[in-house]
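Per-entry structural report
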Amino acid sequence: MRSLLRMGHAFSPGQPAQDVDLRNAVLADADDVAQLLAELGYPCDITDAAERIHMILANDRQVLVLARRGGTVCGLIALDFMYYLPLGTTTCRVTALVVTPSAQGLGIGRHLLKEAERRARTGGAARIELTSGAQRTEAHAFYQACGYSGSSVRFVKALGSA
């Protein structure tokens, strides 16, 4: 499955997202990934971002895809493929999706979601899911416009240091 999940693709969904190319992240992208994660509300420094990229690259069940426009990174989507016991099949979870403010409204988020869906199908996933903070109402409207629907409530408990 690794080669299927990691396969790059110059995806063109038709309309928007012109002049955008998608590719898998590499360690050299740590500065861009750090900036994008900060935009999403998860600040980290370049060293932390490099470690996160390394962890994804070392795991054949995860993928980190960057969107570039005019040679500049402007978005990312992270995917996690997991076995889902209740359905007895693989689910692809979007664990992060962010587009820089200057690139929002250009179709890049849709472009990234379409690529995630393509990779999910190629990777044998029966469904794709994502979570979004309750406060992100604009993101919720975007996801609904892309064909996603609310299906459950998520509960989280921080475990602290072990």
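**Regarding the overall build of the protein chain**
- Per the secondary structure count, the protein chain includes five helices and five strands.
- Ordered by position from the N terminus, the helices and strands of the protein chain form the series α-β-α-α-β-β-β-α-β-α.
- Relative to its full complement of 162 residues, the protein chain shows a buried share of 38%.
- For the protein chain, the accessible surface area stands at approximately 9,500 Å², while carbon and sulfur atoms represent 52% of it.

**Brief notes about the packing of aromatic side chains**
- Under the definition given, this model contains zero aromatic pairs.
- For the cation-ring pair, Arg127 lies above Tyr84, with the distance from its terminal atom to the ring centre recorded as 4.4 Å.

**Comments concerning the sheet that holds strand β3 (residues 72–84)**
- Overall, mixed pairing links the five strands, which are arranged β1-β2-β3-β4-β5 in an open sheet. The open sheet has two edge strands with one neighbour each: β1 (20–24) and β5 (127–130). Adjacent strand axes in the sheet meet at a mean angle of 25 degrees, parallel and antiparallel pairs treated alike.
- Note: strand β2 (residues 62–69) against β3, eight bridges, orientation antiparallel. When the bridges of β3 are listed, Leu66 appears paired with Leu76.
- Sheet strands in contact with helix α2 (residues 30–40) are β2, β3 and β4 (89–99), and its direction is about 75 degrees off that of β3.

**A look at the pattern of salt bridges**
- Per the stated rule, a full pass over the model turns up six salt bridges.
- Residue Asp29 pairs with Arg23 through a salt bridge whose shortest N-O separation is 2.7 Å.
- For Asp29, a relative accessible area of 5% puts it in the buried group.
- On the basis of relative accessible area, Arg23 is assigned to the partly exposed category, the value being 21%.

Reading guide: rules and limits
Residues numbered from 1 in each chain as written. Predicted model: local features only at pLDDT ≥ 70, side-chain atom pairs only at ≥ 80, totals over all residues. Heavy atoms only, no water. Helix = DSSP H or I, 4+ residues; strand = E, 2+ residues; numbered from the N terminus. Buried < 20%, exposed > 50% of the residue type's maximum accessible area, 1.4 Å probe, protein only. Areas by Shrake-Rupley, 256 points an atom, 1.4 Å probe, with all protein chains shown as cover. Phe/Tyr/Trp six-rings, centres within 6.5 Å; stacked < 30°, edge-to-face > 60°. Lys NZ or Arg CZ within 6 Å of the ring centre and 35° of its normal. Pairing = 2+ DSSP bridges. Axes fitted to C-alpha atoms, helices over the stretch in contact; angles between N-to-C directions. Contact = heavy atoms within 4.5 Å. Salt bridge = Lys/Arg side-chain N within 4 Å of Asp/Glu carboxyl O.

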